[in-house]
Each structure stands twice: as C-alpha cells, then as structure tokens.
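Each chain, written out:
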Amino acid sequence: MTPAPADAKPAAAPRARRLRIAQPRSLQSRQLWAASLGLIAFLALAGSALDRAFQSAAQSGMRERLHSYALAYANSDFARDGSVIPPWDPPDPRFKRPGSGLYAQILLDTGRWESDSTQGPHLPDGGMLAPGRQVFEGPLPVTRIDGQPGEVYRYGYGLVWSGNGDGESDREIPYTVYILEDTTGLGRQVAVFRAALWRYLGGAGVVLLLLQMLVLRWSLRPLRDVIDELKRVQSGAAAGMSEAHPRELEPLTDSINAFIQSERENLERQRNTLADLAHSLKTPLAVLRSRLDADTGEVELREELDGQLRRMNDLVSYQLARAARSGHQLFAAPIEIEPQAEQIVLGLEKVYAAKGVLCEFEIAPEARFHGETGDLQELLGNLLENAFKWARSRVLLTVAGGAQAPGRRPGLVITVDDDGPGIAADRIAYVLQRGVRGDERVQGHGIGLSIVQDIIKSYRGELRVSRSQELGGARFEVELPGGL
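Quick summary incoming for the structure in this document. Note that this is a predicted model, so its numbers are computed, not measured.

## Re the overall build of the protein chain
- The helix and strand tally for the protein chain stands at 9 helices and 14 strands.
- Across the 484 residues in the protein chain, those meeting the buried criterion constitute 35%.
- Partitioning the contacts of the protein chain with sequence separation of at least 6, the portion at a separation of at least 24 is 63%.

Shown next as structure tokens:
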C-alpha cells in the first residue's frame, strides 16, 4: 500500500446533520384547527345535503307540473280517421311559441301530434307506453332552436281513448302523451339556490369561527392564569398557586403547591440541619480547645479526646440521617411494608435475644408506603426498637390502609403495641420531647421518637400514643394521609 504524502490533509469529517424538531403547536391552535376543520367539514356536508334536497324537490315539482300538463292533453279528442284533436287552449302559452322550452307530443300507432313549440328544436324520440304507465326521465340531450345543445326532462303517460262512432262499435285508441321541458329554468333555480345557500353558509361559518375563537380563548383562560401564577411564583411575587381554578385544574395546581411546599420544607430542613450540626459541634470543640490550652496530661487528654470524638461522631451521624430524610421524594413509588419490617425485626431479635421478645405481624396485603425506603426503615426501626426495649415478651405490628379520597392514593395506618409498662398519660408529651428518655436508667439518646415525629411531620401525618388494649403496654399509632 502506498503511504500518503506527509503534507496530505486529513479528510474532513462529515458534518453532523442537525435534526430539527418541530415545535408542537399550542393547545389553542390545535383546538382551533381541529374545530375549524370539523366546522368546515360539517358546513360542506350540510350544504351538499341541502343542495341535493333542493334538486330533488325541484325535480319532484317539475314532475308534478309536467304531470298536470299531461292530464290536460290527455283530454284530447280523436276524429273518425284517428287523428288527434288537441285542446283549443293549451295549459301553458309556451306550447304555442316555437322553441319556448316546453313541448307536448301525442304518439299514436298511426302517427303523432306535436305542439307548435316543437318547431325548430330536435327532440328525443319516445316510444309508446302501456296504458296507465308513467315515466319521468332526464336529463335527455336535445338540440335547441338556435342549434346549441341542451337538455330536457321528459314525462310520459300511457292512455287509451274510448269513443262512440255513430252507430259503430266502440273504438279504443291507445296513445301516449309526452311533455318535455328544458332544464334551463331548473338550472337557474338551482344556481340561485346554491348562490344563496353557500353565501349564507359561508357567512354563518365565518361567524361561527369567530365565535369559536372567542370561546376557545375564554375556555383556555384558566390555563393562561396558571401560567401567569407560575411566573409569579418563579419571580417570588407569590408564595404558591391560588385556589381560584376550575375543578379540572385542581389536581395540577394542588400538585404544584405540594411540590413547592415540599421543596421549601426540604430547603428549610437542610438549613436547620446544618445550623444544628454547627451548633452541636461548638461545645465539643470548645472543650477540646480548653483542654489543649490548659496543658492537660496526655492520658487525661486522650480520654477527653476519645469521649468528645465519640460525641461528635454521634452528632454528625444523627444530623446526616436527618439530612437524608429531608430529601424524600414527593411522588415516590409504593413500597411493600412486610419485607422491610421482617428485616428490621430480625436485627432487633438478635440485639434483644436475652429477653426472648416475640414480634407478630398483622399487615394488610394492599397496604403500601408511598415515600422513600429510608424513611420507612427509620419509622419502623425506631418504633419497633422502642417496643423491643420496653416489652416483656410480645410486640405487635399492625399495618392497614387509611382513608382515600377519590382520585388520590390511599393513606396508611401503622400501629406498634407492646406488653411493657406503658406510658402514663401525663408523661406522653414529656417523653416525645427531643433528648428525653422514658427512664434514665435505660441506655439511649432520647432522639428515636423525635426522628419518628420528624418523619411523620414531613409526610403531614399524625402520631398518637396511648395504652394498648390488646397487650396492655404502650401503643404508638402513626396515621399518614393519602397523597396526590
């Protein structure tokens, strides 16, 4: 293979084609186009139907008119030689005017009679009809008196003439009456009707389109109001979405408000967590600084350093746990409760193996926790650990579905009972305070129930503490409301 020259330029890389993504039309333009096309289609169909109905009615009127002319000529008489004696006065003066557009013919087996108007035009030939038979046909081609092509409608009526021949036997002469009329008059009627029809339908269409635009703007105004409120929220001019919206938009505005509130609470909670962490570390750091400044002995300093470091480690772990809980998702997937509870109970049974506590479950199959897995673990872990700590031999975990509003996800009720000494009613509020232990002789930090309360508060739930009716000890009942 021949090597490329040193000064050869590398081939230019092919230009990447820019994919132009068509911007979707607005809701108003989509609805306007759809409604406009539907309106135009409806008006076109309505106009076509009315046009056909008018043509049918006009043709029916022409047939009746030609039928009445045929009846007038059906009263014609016949001479001895069988020739036709037509009425002295025709039913319409046009029958006497050549090429007038209205023609009469009487056909016999031996010949025919034609009105004066047939002089000039070349009319289509018709045959004899059976007595009593009537036909209406057309348009049929003709050549008018001026030589131009035209069309006519033709009505035929088959008849039999019976008469007395001066002593001779009665004679019966079959004959057929044909009445023909030019389509020019009917065409003018149809043209006038069509012009008026499409003029009125067009005017109505324009009015309806304008009215439709106004209705669309009025019906989409709530969406524009939502957009304006969102812009105000983004700029900080409003704290959230108002409640003055149609029912169809309430789930959207409620979700936006819930999201805004959740984000604000999360931000506030994170700020508080950092402030609490900084404030909590000030005292251990100050103690260490004072020990260093006081030239404390190495052994005493190591003991003090070890104790303060453990304390700071506990504080950091706790505050990090709080920060992790503060970021729960607003629209989380439902979580099964029983697997999480089993994992927690297995660990607690090892820790409190010496007590031999038995934990029982009564968990509804349809019960689900709509939130983060960490929050569920913290909630169940602290409640069950508290129950294991105070129980004598039995703990009962009950989980059931809560109230559910139409179109919303169901709530949840978690209850933990134990057969321990319980909590006196006048001490419940005291025990639930941060850093307070029910019994100072029992090991712990007194923050487990506070963590539970923080989690419940973040989910807008409620914690109730009472005496267990089943086991006789304490009963902790957590009720979480249904969500969006």
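## Describing the packing of aromatic side chains
- Evaluation of the coordinates by the stated rule reveals 7 aromatic pairs.
- The interplanar angle of 5° and the centroid separation of 4.0 Å between the aromatic rings of Phe-54 and Phe-193 together place this pair among those described as stacked. With a gap of 139 residues between them, Phe-54 in helix α1 (residues 27-74) and Phe-193 in helix α2 (residues 184-219) connect regions that are remote in the sequence.
- Classification of Phe-193 by relative accessible area gives partly exposed; the value is 25%.
- Consider the rings of Tyr-73 and Phe-95, whose centres lie 5.3 Å apart with planes at 75°: the pair is edge-to-face.

## Regarding the sheet that holds strand β11 (residues 394-401)
- The strand order β9-β11-β12-β14-β13 describes an open sheet built from 5 strands, whose pairing is mixed. Only two strands of the sheet have a single partner each, and these edge strands are β9 (358-363) and β13 (462-467). Strand after strand, the sheet turns through a mean of 15° between neighbouring axes, direction not considered.
- Of the strand pairs in this sheet, β9 and β11 are connected by 6 bridges, and their pairing is parallel. Opposite Ile-363, over in β11, you have Val-399 as the bridge partner.
- With respect to the sheet, helix α6 (residues 338-351) is in contact with β9 and β11, its orientation differing from that of β9 by roughly 175°.
- Across the face of the sheet, helix α7 (residues 373-390) comes into contact with β9, β11, β12 (412-418) and β14 (474-480) while running at roughly 20° to β12.

## Observations concerning the pattern of salt bridges
- Applying the stated rule across the entire model yields 12 salt bridges.
- Ionic pairing is found between Asp-51 and Arg-194, a salt bridge with its closest N-O pair at 2.6 Å. Of the two residues, Asp-51 sits in helix α1 while Arg-194 sits in helix α2, which places them 143 residues apart along the sequence.
- Taking relative accessible area as the criterion, Asp-51 reaches 9% and is therefore assigned buried.
- Each of Glu-462, Arg-464, Glu-477 and Glu-479 takes part in one network of salt bridges that share partners.

## Observations concerning a nonpolar patch on the surface
- A cluster of nonpolar side chains, namely Leu-208, Leu-211, Leu-214, Val-215 and Trp-218, defines an oily patch on the protein surface of about 540 Å² accessible area.
- Tracing the chain through its elements places Leu-211 in helix α2.
- The exposure class of Leu-211 is partly exposed, given its relative accessible area of 47%.

What counts and what doesn't
- Residues numbered from 1 in each chain as written.
- Predicted model: local features only at pLDDT ≥ 70, side-chain atom pairs only at ≥ 80, totals over all residues.
- Heavy atoms only, no water.
- Helix = DSSP H or I, 4+ residues; strand = E, 2+ residues; numbered from the N terminus.
- Buried < 20%, exposed > 50% of the residue type's maximum accessible area, 1.4 Å probe, protein only.
- Contact = heavy atoms within 4.5 Å.
- Phe/Tyr/Trp six-rings, centres within 6.5 Å; stacked < 30°, edge-to-face > 60°.
- Pairing = 2+ DSSP bridges.
- Axes fitted to C-alpha atoms, helices over the stretch in contact; angles between N-to-C directions.
- Salt bridge = Lys/Arg side-chain N within 4 Å of Asp/Glu carboxyl O.
- Patch = residues over 30% accessible without salt bridge, like charges linked within 9 Å, V, L, I, M, F, W, Y side chains within 5 Å.
- Areas by Shrake-Rupley, 256 points an atom, 1.4 Å probe, with all protein chains shown as cover.

Shape descriptors only; they carry no functional weight alone.
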